[in-house]
Structures are given as C-alpha cells and as structure tokens.
Amino acid sequence: MSSRSGSTREYETSSQSRGHSASPPVPESSETESEGLIFYHMDLYGSKERFDIFPEELSGREDRSLGDTRRESVLSSEKVQCSQEIGYDMEKEVAELAKMYGLDEDKEKELELLGGRVEMESRWPPARTKKAGSQGSTYNASKSSTSVKDQSQSTKQQGLPGEASQDEDQSKTRADDEVESNRWSREGLRSGGMSDEWNSQAVSEEQEEEEEEEVANVFCSTCKIPIRAFDKLFGEHKDHEVTQLPNALESEKEEIHKNIFLQAAVTMVDRLEEFLKQEVNLELSTLPDFEERVIDFSEVEQLMNSINAIPAPCAPVINPQAPNAATGTSLRVCWGLFSDDTVEGYQLCYKPVSNERHGDERAEHTLKVRETYCTITNLLPNTQYEFWVSALNASGISPPSERAVYVTAPSPPIIKSKKIRSCENAALVCWESGDINPVDSYTVELYKLTDEPNDDTVTESIVGIPNCEVLIHLQPTQRYHICVRAQNLGGSSERSEPVLIHTTGTCFYLNEDTAHPLLAILDDGFTISCDELENPECDLPVYDNSFTRCIAILGSLIPFPGKHYWEVEVEEDTEYRTGVAFENTPRHGHLGANNSSWCMRHIITPSRHKYEFLHSGMTPDIRITIPPTRIGILLDYENCRLSFFNADIAQHLYTFNSRFQHYVHPCFALETPGILRIRTGITTPPWTALL
C-alpha cells in the first residue's frame, strides 16, 4: 500500500506542474475498469476520502521526517514557479492581441489586463465557489508554499533544538489544509456534471468584462470620432478610413494652428485696410536739403569688367572645299573653332580671285553668321573666290583665319550642232565651254530614244573628256539624245541642251570657213548657191581657210572608218564639181587639179554634156549618155575606193582606187550660177555592193 501511495503522490505532483487548470474528476471508461485498474482524481490527495481508500497512510504521516517536509517545500516552490510561467504565457497572449488590434503603443492597457488577471488568480478560490473543484490544487499549492516558507524561517531562527515544536505546527497546518481540500473535492465531485456549463459561463463573463473595459483606440477619419478596433473590423466603420489616435491628434493640432494663423492674418488685413482708408498728411514742414555729390564709378566699373571679362576668341580654321559643294551660282563654306572660347557669332568675308596684280581693288563682301557654315549665292559660274572668317564675342573679334580659295561649278556647255558628224555606228560631238575660265573635264550623257513616252534614262556616260569633242560609238539605225556636263573642283554643271543624232547613215555639215565669198549657204545648211561668176577674184572679205579661185566649199571631216554614202542633187544646165579632198588641199586652185582632191566634173559643150573624173588634173575617157540629176557618192576607207553613181537609175559611173592616207572632207563647187543640194544621213543603198 505504501508503494501505491508513493506512485499516487508522484502523479499528483506532475499533474500540478503541467498547468493550473483543474477539472472535476471524470470517471474512466469501462474498458479500463475491466482490466482491474482503478484511477482516482488527483484532488483526492490529502483529502478525507483518500484516508478511506488508503488508511495506512494516516499513521505513516505523523512519522514523516524533516526530509519529507523539505521535499514538500520544494514541490510547493515548483508550483509557484509554474504559476509564474502561467503569467508569462498570459503576457505573450496579451501582446499578440495588442498587435492584432493595433494596440502596440497602448502599454497601459496591456499592464492593466495583466494586473487584473493576476489579481483574479490570487483570490480565485474564495470568490468563485463553483470553480472550487478546478482551482483547489492551485489554492492548496499556494497555502503549502506559504506554510513551508514560515516553517523554513522558524527553523532558521530556532535552530535544530526546536524541531519537535516545528513538527507539531506543521502537522496542524497540514491537517487544516487536508480538511479544506476534502471540502473542495467533495463540492467538486458533486458539481462534476455542472463544470462544463460553469466554465462556459465564466469565459463569457470574462469576455463581457474585457469588452466593457475596452476603450476607443483608433480614430475614424470619415466620421471624425474615436472608435474601437473591433468596430473597424466587424462594426459599422468597416469600410471607413481610420488612423491611430496619436496621428489623428497631431493632424487636429496642425489644423488648429492653421486656423489660428488664418484668423490672425485676417485680423491683420482688416487693420491694414482701415489704416489705408485714413488720410495721411505727408507734407514736410521743412524742405530737405540734399547735397549734390558726384560719384565716380569708373574704377568700380573697371574692376567689374576685369572680373567678368571674357577673352577674345582664337582664330577659326577654315576647311578646304569639299567635292560637289558648289553649283554654278552658289558655294557652301565650312570652318571650325578648335578651342573652348566663348563665341557669339562669326564674320565671313570673301572676294573674287583676280589674276591681275591689283586684285585687292576688287570689292569685298562681309556676312554675319551664327553657325560654322554658310551658303553664299549670286556668284559667277566657274569662278574662284577667296574666303576668310573671324570669330566674335562680347570682348571683340578674333584674328582672321587663313584664306581659302573656293570655286563655283561651271556653266553648262554649248553643243555645236552644225559640227556634229555621225555614221551608222559612231558620232563625233563637238561643243564649247560656257565659261571664260577653263574646266577640268567634261561628261557626255547618252539617252537612247524609243517609242515609249517619257523615256529619258541615261544609257551611257563618258567621263573625263579633256577636250570639247568626243567620238562616240553607237548602234546602227537608232536615235539618241546627247547632253554634255562640265566638271571642276566645285562640282558638275547643269546639262547642256540636248541634240538629236540618227545612226541611219553618214551625217556631216558644211564648213562655212572654207566657202568662197561668192558662194552662199541657204538656211537649211545643206544647200549652196552662186548668183554671179563675172569676177571670181573679187575684193570680198576672204577667210584664211576659204577658197579664192574656185567657187567651192568643204564639208566637215569624216573621221570614221568604213563606208560612207551621201548624195548631191544637181540641175542639167549647171556646171559643178563634187568629190572629196584632204584638209590641206590648195585654196587657190581647182578641185581635182592636184593630188589632194578627187572629184567628178560636169560641163556643157556645144555638142554634149561632158563628165570628167579628175585627180591631179587627169581624167579617163568616159561617156555618159544619161545625165544624172542625183549623184550618189560612196567613200570606202577600208577598200580605198571612191565611187560615183547615178542614183536615179542605180548606175555606176566611175570608181577611184586610191589609198587615202588621211581622213577626207566632202567638197562641192559651182562653175556657173546654180544650186547644189546635199543629202546626208542616208542609208547606203544595197546596189552599191555590186561593185
């Protein structure tokens, strides 16, 4: 029985150390009782019912030694420590509630809750009789702890000799505690069925007390009133904007200060308004006597200028002329400033370059610009200009830059349409520059014409032509438009006026410089006439290259190899000569009378029409029965032949076999007044190939 008593005592101690909540005894299930084990509630320890169950413990209790008493003292101190831990847990729970409802800053509320709970626990047994069964252990532990403390103090004061009296006091105290405990236990057992209902009522009463004690701790900005945090979460202020009471207090203070300031300002304005409405007499009784003093600010001004003075900028550097940066009448000039000087603008000067010694007498032009570039207009084409530039700021002007020479683009060339020669596969184009100054080169552009409208695509370009003429190879039986551009350092000129070239046959023009003064060229450029022959060696003005004795004219040179064909229309009663001649044929002789010309001559005798084929004054004996009115001439450089035909009847008349050392000119002459018409650009007839 003593061993059972010891185990029961250990069970009671461990139960009390785990918590402070004690419930009325609950009978175990029938399965446990069937195994032969009976469990008793821990509140039976020390009670009267326990003595009925374990009678041997009553006699052994009086013989408990001092060591047992000290062990109970230790157990009582553990119970006290457990209650302190219970208080610590309560502090933690209150802190979590304060954080949840925004009560972090309300420390007084937290301390109040803690103080109330501790006080409630200290007076729990006598105040609430219905909870005696659950609170009996805590109350007994408290009393036991107090008795142990008193006993230990008396032991220290009296020493070991007073142990007997001390044991008697402890026995009395223990007996009283056991009686009180038995009373609480019986009440707890009797009210076991009502413990759950009482616990729920106690919790609801505590919640009601906490709600009654909870005060407004947040401020509703919408309603302008303090509210509880519970109302914000679940009440009518759920959707309103709230803030902490200290923040709301600060906001209200600021608003009050603003209102006070505005009220003071309104009062001040009213006082000023009343003052301004009053009439004030500003007349002085005596006139002030001011002394006239002259203050010299020159030194101050000089000092300020020296402090704020900006140095004059350095000289700019003008750039050389860029390619294609000019037109025939404009130039684009650029420069740079390679320093950090402050610049407000630039002054650009220019003048034309003159080859004369006194070129500085020519007018200079000045422009004010703000950028580092400028486009100058209204200039002369293909003309050189000298430029220099200076920088400007508030302090003055910089030294001028080094001078640079720019040149404008040339004017468009002028094509000499009357000097253009062509054949079936080539053309010789001549032009003249539109400027006084020479240009660097020329570019010829070819446009092949088709039947499609607006077909002006450049077919071919020939660049870098140094002279004013060019030989161009073309395709037979085509039409071309040809334009020319002039090039120099400044850029390219505009296109010249186009000329039309046909490659159907040989085309040439009459050279007016070689014409005899009595010979006239009509407006079409291919008809010559002579009105009088009485004095061929007249005193009319004669060119250096013109014929003087023979009334003749040379056509333009035929510089193309191959075959060339043209025709001459004549009248039966007109005496004439036609053929070819070198450039150096004598101008004071007759055509065919020297070795530099080959021609066919027609003269009228009293008996017949006589035809001669002259070279070096000699002719073969040939008779032509049908006088031709349209003479065809075929020049074949490759086969060294010059043939004459009666084009009206496709009759071959005569052929010269001669090796032409140079290119030749067509030549024409009149020995009696009459007209010769020349036809060029004719396709070579097929019957000429029968030779």
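Residues numbered from 1 in each chain as written. Predicted model: local features only at pLDDT ≥ 70, side-chain atom pairs only at ≥ 80, totals over all residues. Heavy atoms only, no water.

As for the overall build of the protein
Quick reminder of the rule: Helical segments are the DSSP runs of H or I of at least four residues, strand segments are the runs of E of at least two, and each set is numbered from the N terminus. Exposure categories follow from relative accessible area, calculated using a 1.4 Å probe and restricted to protein chains: below 20% of the type maximum is buried, above 50% is exposed, and the middle band is partly exposed. Note on definitions: a residue-residue contact is assigned when non-hydrogen atoms from the two residues lie within 4.5 Å. Note that accessible areas follow from Shrake-Rupley with a 1.4 Å probe, and for residues the cover is restricted to the protein chains shown.
Helix and strand counts for the protein come out as 13 helices and 32 strands. When the 691 residues of the protein are sorted by exposure, 36% land in the buried category. Contacts spanning at least 24 positions in sequence make up 66% of the contacts within the protein whose residues lie at least 6 apart. Counting only carbon and sulfur atoms, one obtains 51% of the accessible surface of the protein, whose full area is about 42800 Å².

Brief notes about the pairing of strand 8 (residues 373-376)
Definition in use: When DSSP finds two or more bridges between two strands, those strands count as paired.
Only one face of strand 8 is covered, namely the one carrying C374 and I376; the face carrying Y373 and T375 has none of its residues buried. Pairing analysis gives 4 bridges linking strand 5 (residues 331-336) to strand 8, with the strands arranged antiparallel. When the bridges of strand 8 are listed, R332 appears paired with T375.

Considering the side chain of T506
In plain terms, the rule: What qualifies as a polar contact is a pair of N or O atoms within 3.5 Å, subject to a donor-acceptor requirement within protein and to the restriction that residues adjacent in sequence count only when both atoms come from side chains.
Mapped onto the fold, T506 is located in the loop between strand 20 (499-502) and strand 21 (519-521). Residue class for T506 comes out buried when judged on its relative accessible area of 4%. A distance of 3.0 Å separates the side chain of T506 from the side chain of H564, its partner in a polar contact. Excluding residues within four positions of it along the chain, T506 makes contact with S422, C423, I558, K563, H564, Y565, T680, G681 and I682.

Observations regarding the sheet that holds strand 8
Pairing in this open sheet of 3 strands is antiparallel, and the strands run 4-5-8 from one edge to the other. The open sheet has two edge strands, strand 4 (317-318) and strand 8, and neither has a second partner. As judged from the 2 bridges shared by strand 4 and strand 5, these two strands associate in the antiparallel manner. Within the sheet, the bridge partner assigned to V317 lies in strand 5 and is G336.

What to know about the packing of aromatic side chains
Stated formally: Only centres within 6.5 Å qualify two rings of Phe, Tyr or Trp (six-membered ring in Trp) as a pair; their planes then separate them into stacked at under 30 degrees, edge-to-face at over 60, and tilted for everything else.
A full pass over the atoms with the stated rule returns 16 aromatic pairs. Relative to Y385, the ring of Y350 lies with its centre 6.4 Å away and its plane at 65°, an arrangement referred to as edge-to-face. Note that Y350 is positioned in strand 6 (residues 345-352) and Y385 in strand 9 (residues 384-393), a separation of 35 residues in sequence. Y385 carries the same exposure label as Y350, and that label is buried. Each ring, one from Y637 and one from F660, has its centre 6.4 Å from the other, and the planes form 80°; the classification is edge-to-face. A residue pair is termed long-range when its members are at least 10 positions apart, and Y637 in the loop between strand 28 (630-636) and strand 29 (641-646) and F660 in the loop between strand 30 (651-657) and strand 31 (665-670) qualify at 23 residues. With a relative accessible area of 13%, Y637 lands in the buried category.

Quick look at the environment of I551
Examined against the element boundaries, I551 turns out to sit in the loop between strand 22 (527-530) and strand 23 (552-554). As a C-alpha pair, I551 and H516 span 35 residues in sequence and 5.2 Å in three-dimensional space.

Describing a nonpolar patch on the surface
Rule in force here: Residues enter a patch when their relative accessible area is above 30% and they make no salt bridge; the linking distance is 9 Å between like charges and 5 Å between nonpolar side chains (Val, Leu, Ile, Met, Phe, Trp, Tyr). A carboxyl oxygen of Asp or Glu within 4 Å of a side-chain nitrogen of Lys or Arg is what we treat as a salt bridge.
A cluster of nonpolar side chains, namely I295, F297, V300 and M304, defines an oily patch on the protein surface of about 410 Å² accessible area. Residue classification places V300 among the partly exposed positions, given a relative accessible area of 47%.

Looking at unusual backbone geometry
One non-glycine residue, N378, adopts positive backbone phi at about 60°. Assignment of secondary structure puts N378 in the loop between strand 8 and strand 9. The phi dihedral of C640 falls on the positive side, at around 55°, and the residue is not glycine. Checked against the element boundaries, C640 lands in the loop between strand 28 and strand 29. Taking relative accessible area as the criterion, C640 reaches 17% and is therefore assigned buried.

Geometric values such as these leave the question of function open.
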